[in-house]
Every structure is written in C-alpha cells, then in structure tokens.
Amino acid sequence: MKRGRKTNDAKGSSAEETTEKESKRRKVLDEKTIAVQSPDWANLLQDIILQVFQYLPLLDRAHASQVCRSWNQVFHMPDLWRCFEFELNQPATSYLRATHPELIKQIIKRHSNHLQYVSFKVVDSSKESAEAACDILSQLVNCSLKTLGLISTARPSFMDLPKSHFISALTVVFVNSKSLSSLKIDDTPVDDPSLKVLVANNSDTLKLLKMSSCPHVSPAGILCVADQCHGLRELALNYHLLSDELLLALSSEKHVRLEHLRIDVVSENPGQTQFHTIQKSSWDAFIKHSPKVNLVMYFFLYEEEFDPFFRYEIPVTHLYFGRSVSKDVLGRVGMTCPRLVELVVCANGLRPLDEELIRIAERCKYLSAVGLGECEVSCSAFVEFVKMCGGRLSQLSIMEEVLIPDQKYSLEQIHWEVSKHLGRVWFPDMMPTW
C-alpha cells in the first residue's frame, strides 16, 4: 500500500511539473506574439523612415521628428532635404494649413546647402504669401539648386509684388546655384535682365525652361537663353515669345536636339490680341535639326482669332483646343498637321464634325490619342474614323453625348462596332478624362 501511495504521489508531482512547464511555454509564446504584433518603431531602418518622411509635409515632418531620437536623426539627414516643396498660404485667406515661417527659417538655416530640387507653391492669392516665398528665395545663398519651380495656383500672387523685390530674390538663386538644370516659373515678373543673369551663371547646365504668363519677358530675352544654353532639351513658353529667330537659334549646329517644345496660345479678351505668323521655313529648319521633337500646342482662343494658324504645314504632334473651335479650323488641322499624335477638342458647337474627323484620319497617319467633348459626330462617321485609324488608337476618350445615332448605328450598337475595330473593349465616357 505504501509503495502504491508513493507511485501515485510521483505521478501527481510529475503532472504538476508538466502543467507548470506548459504554462511557462505558453507565456514565452505569448510574449513573442506580443513582440511580433507590437513592433519597435524606434528601431525601424533609417532608410525606411527616410522614405516615409519624404512624403510628409514640412509641419508633419517636424512633428514626427519628436517621436524618438532615431526619427529625429532622420529628420536632420541631408538626403531628406535635397528635394522639397514649400507650400505657402495665409490662414486668413486659405482653408489649407499654413507652415509656420519660423519653422521654414529653421530648415533653411540648417539645410539650405543640401537643397537641390526646390519648388515654391503659393496656394492663395495673397501678397503676403508671395512675399514670404521671395524672402525664402533670398536666403538661399549657400545652396546649389538643380531644379527651381515658382508656381502660383491662385492669381495674382507673384505679379502683385514690386518687380525689383522679386527679381533681386530670384537672381540670388541664379548667381549662387551655378548648376541649375530645370527652371519653371509661372505668373511671375521675371524679365530679360534676370534671364541674362541665369544664362551667365548656368548656361552649361540648363536643360529645361518652362515659362508661362511672364509678361516682362520679350522674344529677345528668350532668344538670349536659346543662343547661350546649347544643352536646352525642353522649352515651354507663351506664343508671343515664339519667333522665327528663336526657332532658327534652336536649329543651329551648336544646339542639342530639342526633345519637347510646348507653346501656349492664349487670349484673355476676344479681338484684343494680335497673333503673328511663324514662317514655314523656320519650322522646316527646326524639324530638320530635331526630327523627333514633341511639339505641343495648347489653344485657348476665340473662333475669330484662329485666322493666322494652320494655313500651311506645321509639325505639331500634340494639339489641345481648350475653347470652342470651328469646323473650318479642324478641317485645316487635317490638311496641315501630318505629324499629329494626339488631338483633344473640348468644344465645337452643334455642327457635326464628320468630314473633319475623316480627313484627320486620312492625313494624320500617326494619330493615336483622341478626346472629344462638347461636339457632335454621327455614329456612322465615328465608326468609319475608328476603322481608318485601327488599333493605333491607344486612347479614345469620347463623351457619350458627342455621338449622334443615325440609320446605321444606335448608341447600343456603336460600343460593339468600335470595340471590334480597336481590338479591345471600348465604351464612351460619362465624364472627360483628358
């Protein structure tokens, strides 16, 4: 009996030990599970934190830098400040959150020599925001920028400033950078003398120049840039700056082949803007020198202002009509734009464009993208157009109300017919996508 009792006691003790071991094992597993479910954010690789920080606005970066020592170290890494966009606005005139000026000054003080790709976006129309942008510009004396963008999303902004204030701030960057390769300036009082400063200090490195609505720049000023900056590959400007002399300068043997030329043809008041004509020989010389250039033209004109355009062959590849354009002009497009790749017509009127579209399909052998808005085209003519262009139409954005049913096709039938000729499923759009 005693021997049996001892055996039972041993069994009980062994069971307790097994239960205790199992409990400890589960506890260890639970701790490991908690560790997996709750990562140590402070020990994330700095390269990962750096990539996350690059997507944060300035104020959010500053807040995140206060989380721990590791994140604060990333906040002060030079790589974080090579590319930055300053968004400027006044709380009283904008619902967007403003970045505190003192924080911006702090960043410039510590990281101005790291900045390389910088843009200033003024998101309200206040003069104070534009002045703040100029103040920041004038402090960038120790930087060596490669890209500078000055963008105003609300007018008048920069144009409200005294011209001398803006120019003095801008020339600080032009003089100190020495290696500026990309410059985008919209709605600013930049002028010819400041462009000469740009050329004098950055002629060997400038590759992209985009200027929109800069009324103080003359054709002579932009010609100076083309004459001296032989590495220029992309150029965007208003039509009033385009000249025969400019095209010939871009066609000289010293100049590299231009890859992209964008021209904005804009009229604010009907009948008050006179548009000059560019000679066909200038276009021919330009295309001979840069045969693969993309020539993009945006037209925001009234119907009566189109007379100087599309009278002879023009090497445009991408054509956008932002306002109503007549049947006559679209007919001339088909006759004079053999290099056309993309055509967008936002509005036309109530006269069907059947003949004009067929002519464009016949003459424009490279056409691969078409967008039609407030226009009218019969279903039969549209099917014929698609049939002539075939599978090369990689983008076909047509508003549903553009298509007019006829005896041959209804709106239900045209979907299948167009899809058949495109070689893919196609439907008309309910909203513009261009």
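Right, let's walk through the structure included here. (Residues numbered from 1 in each chain as written. Predicted model: local features only at pLDDT ≥ 70, side-chain atom pairs only at ≥ 80, totals over all residues. Heavy atoms only, no water.)

This part is about the overall build of the chain. When its secondary structure is counted, the chain shows 15 helices and 14 strands. In the chain, buried positions account for 47% of the 434 residues. Relative to all contacts within the chain whose residues are 6 or more apart in sequence, the contacts with residues 24 or more apart total 74%. When the accessible surface of the chain is split by element, carbon and sulfur atoms take 52% of a total near 22,600 Å². (Helix = DSSP H or I, 4+ residues; strand = E, 2+ residues; numbered from the N terminus. Buried < 20%, exposed > 50% of the residue type's maximum accessible area, 1.4 Å probe, protein only. Contact = heavy atoms within 4.5 Å. Areas by Shrake-Rupley, 256 points an atom, 1.4 Å probe, with all protein chains shown as cover.)

Taken together, E374, E400, E401 and E412 make up a surface patch of like negative charges. Summarising the element assignment, E374 is placed in strand β11 (residues 369-374). Taking the relative accessible area as the measure of exposure, E374 reaches 61% and is therefore exposed. (Patch = residues over 30% accessible without salt bridge, like charges linked within 9 Å, V, L, I, M, F, W, Y side chains within 5 Å. Salt bridge = Lys/Arg side-chain N within 4 Å of Asp/Glu carboxyl O. Lys, Arg positive; Asp, Glu negative; His and termini not counted. Charge placed at Lys NZ, Arg CZ, Asp CG, Glu CD.)

Each pair of aromatic rings is reported with the distance of its centres and the angle of its planes. The tally for this structure, following the rule as stated, stands at 14 aromatic pairs. Judged by centre distance (5.2 Å) and plane angle (65°), the ring pair of Y239 and F309 falls under edge-to-face. A residue pair is termed long-range when its members are at least 10 positions apart, and Y239 in the loop between β6 (234-238) and α10 (244-250) and F309 in the loop between β8 (294-300) and β9 (318-324) qualify at 70 residues. Residue F309 is classed as buried on the basis of its relative accessible area of 6%. Aromatic side chains F299 and F310 sit 5.4 Å apart centroid to centroid with 45° between the ring planes, which places their arrangement in the tilted category. Linking F299 in strand β8 with F310 in the loop between β8 and β9, this pair joins segments that are eleven residues apart in sequence. Accessibility assignment for this pair places F299 and F310 in one class, buried. Here the basic side chain of R262 rests over the ring of Y298, its NZ or CZ set 4.0 Å away from the ring centre. It is R323 that lies over the ring of Y302; its NZ or CZ is 4.4 Å from the centre. (Phe/Tyr/Trp six-rings, centres within 6.5 Å; stacked < 30°, edge-to-face > 60°. Lys NZ or Arg CZ within 6 Å of the ring centre and 35° of its normal.)

Tallied over the full model, the rule gives four cavities of 30 Å³ or more. Put simply, the largest cavity is a space of about 110 Å³. Together, 13 residues line the largest cavity, and W283, P308, F309, Y312 and I314 are the ones closest to its centre. Among the residues making up the lining of the largest cavity, the classes are represented as ten nonpolar, two polar and one charged. (1 Å grid on protein atoms, 1.4 Å probe; cavity = no way out; pocket = protein on both sides within 12 Å on 5 of 7 lines; lining within 4 Å. Points joined across faces, edges and corners; volume = space filled by probe spheres on them. Nonpolar A, V, L, I, M, F, W, Y, C, P; charged D, E, K, R; others polar.)

Strand order in the open sheet formed by twelve strands is β1-β2-β3-β4-β5-β6-β7-β8-β9-β10-β11-β13, and the pairing between neighbours is parallel. If you trace the sheet from one side to the other, it starts and ends with β1 (83-88) and β13 (395-398), each paired once. Within the sheet, the average angular offset between the axes of one strand and its neighbour, ignoring direction, is 5°. In this sheet, β13 lies alongside β11 in parallel orientation, the contact comprising four bridges. The residue of β13 that forms the bridge with A369 is Q395. (Pairing = 2+ DSSP bridges. Axes fitted to C-alpha atoms, helices over the stretch in contact; angles between N-to-C directions.)

Judged by side-chain polarity, L45, I48 and V52 come together as a nonpolar surface patch covering roughly 280 Å² of accessible area. Along the chain, the position of L45 falls in the loop between α1 (2-37) and α2 (46-53).

Turning to unusual backbone geometry, a few remarks are in order. With a phi close to 55°, D187 is a non-glycine residue in the positive phi region. Unusually for a residue other than glycine, F310 sits at a positive phi of about 60°.

The next thing to look at is the layout of surface pockets. Think of a ball as big as a water molecule: rolled over the atoms, this probe shows where empty space is left. Of the pockets and cavities examined, the largest pocket occupies roughly 500 Å³. Taken together, 23 residues form the lining of the largest pocket, with S213, N238, H240, V266 and E268 sitting closest to its centre. Elements represented by at least two residues in the lining of the largest pocket include exactly β5 (208-212), β7 (260-266) and β8. Sort the elements by how many residues they give to the lining of the largest pocket and β7 lands first, with three residues. A per-class count over the lining of the largest pocket returns nine nonpolar, eight polar and six charged.

Our focus in this paragraph is the pairing of β1. Because side chains alternate across β1, one face comprises the buried residues F84, F86 and L88, and the other comprises C83, E85 and E87, none of which is buried. Bridge count between β1 and strand β2 (residues 117-122): six bridges; the pairing is parallel. Paired with L88 across the two strands is V122, which belongs to β2.

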